[in-house]
Amino acid sequence: MIDPAPGAAPSRAAAPHVVVVDDDPEIGLLLSRYLSGQGLRVSVADSGAGLRDTMRGQAVDVVLLDLGLPDEDGLSLMRWLRGHWHGPVIIISGRGESVERVVGLELGADDYVTKPFDLRELLARIRSVLRRAQRAPVAAPSAPIGFEFDGMRLDPQARRLTRADGSDVALTAGEFDLLLAMVERPNQVLSRDRLMNAVHGRDAGPYDRSIDVQVGRLRRKLEDDPASPKLIKSVRGSGYFFAATVRGSRA
């Protein structure tokens, strides 16, 4: 269900609800049969209008979004999703060009799978984004339940980032996990592979720019001047480090 407030969380239904948005009926049927057989609840929409109708009527946990749709461009639909819903989105597309992957990730997709895809790999990626979106770790009695840095507070249990004035910073599941990985290890150089594992549960491929794209999105949300970042620093040939004083917080 689309919540009128940005940042609405996905559902917590026993059987996660996956919406497949693809105008190819064979792909829709294939994914519906396969994912249903793996314990997921599946709806199929063949257009942007169909996706909107589905999301108005019920809670959704993951969207699998094809970029080539008959009624509107998939990237435009990705923009609409990020303006109305902050659950995980995996782009599935035959457009294999790197620019399409980068633009999709820039717009807030959590992952990108190119057709033809392996069904088992796609299932693994769905389960990965579901774990991240639904994760609510229980803190040990001696552990901090939040982190404070640069006038902001990160709450891992509520998966929430707030400014000093109490306003929320809307983050996707991938952006939150990337920030948490950095906040937990401030002033340490973190390789792209290490960050990729924290965010996607896998190593980066030789041409995978998803971490760089997500870092760019985080900078635009956290930095006063994203072009000259003071919090998330690049280390040429190595990765990134979080240049902030981080304090554990209990309230």
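Attention here is on the structure that accompanies the text. (Residues numbered from 1 in each chain as written. Predicted model: local features only at pLDDT ≥ 70, side-chain atom pairs only at ≥ 80, totals over all residues. Heavy atoms only, no water.)

## Details of the packing of helix α7 (residues 192–200) against helix α8 (residues 210–222)
- Where α7 contacts α8, the axes come no closer than 10 Å and their chain directions differ by 75 degrees. For the element pair α7 / α8, the angle class is roughly perpendicular. Note on element contacts: α8 touches α7 through Ser210, Ile211, Asp212 and Gln214, opposite Arg192, Leu195, Met196, Val199 and His200.
- Here the contact of α7 with α8 is composed, by residue class, of 4 nonpolar, 3 polar and 2 charged. (Axes fitted to C-alpha atoms, helices over the stretch in contact; angles between N-to-C directions. Helix = DSSP H or I, 4+ residues; strand = E, 2+ residues; numbered from the N terminus. Parallel < 35°, antiparallel > 145°, perpendicular 65-115°, else oblique. Contact = heavy atoms within 4.5 Å. Nonpolar A, V, L, I, M, F, W, Y, C, P; charged D, E, K, R; others polar.)

## Re the side chain of Thr162
- One can find Thr162 in strand β8 (residues 160–162).
- If we skip the residues at most four places from it in the chain, Thr162 touches Gly151, Met152, Arg153, Ser167 and Asp168.

## Focus: the sheet that holds strand β9 (residues 190–191)
- Overall, antiparallel pairing links the 3 strands, which are arranged β9-β11-β10 in an open sheet. Whereas interior strands pair on both sides, the edge strands pair on one side only; in this sheet they are β9 and β10 (232–235).
- Strand direction decides the pairing type here: β10 and strand β11 (residues 239–242), joined by 4 bridges, are antiparallel. Residue pairing for β11: Lys233 is matched across the bridge by Phe241.
- Seen against the sheet, helix α6 (residues 173–183) touches β9, β10 and β11 and runs at an angle of roughly 70 degrees to β11. (Pairing = 2+ DSSP bridges.)

## Some points on the nonpolar core
- In terms of nonpolar packing, the biggest core is built from 27 residues, with Phe149, Leu154, Leu161, Leu179, Met182, Ile232 and Phe242 touching the most fellow members.
- By residue number, the principal contributor to this core is α6, which donates 7 residues.
- Discounting chain neighbours no more than four positions away, the residues touching Leu154 are Gly146, Phe147, Phe149, Arg160, Leu161, Phe176, Leu179, Leu180 and Val183.
- The next biggest cluster of nonpolar side chains, apart from the first, holds 23 residues, and it includes Ala45, Leu77, Trp85 and Val102. (Core = buried A, V, L, I, M, F, W, Y, C linked by side-chain atoms within 4.5 Å. Buried < 20%, exposed > 50% of the residue type's maximum accessible area, 1.4 Å probe, protein only.)

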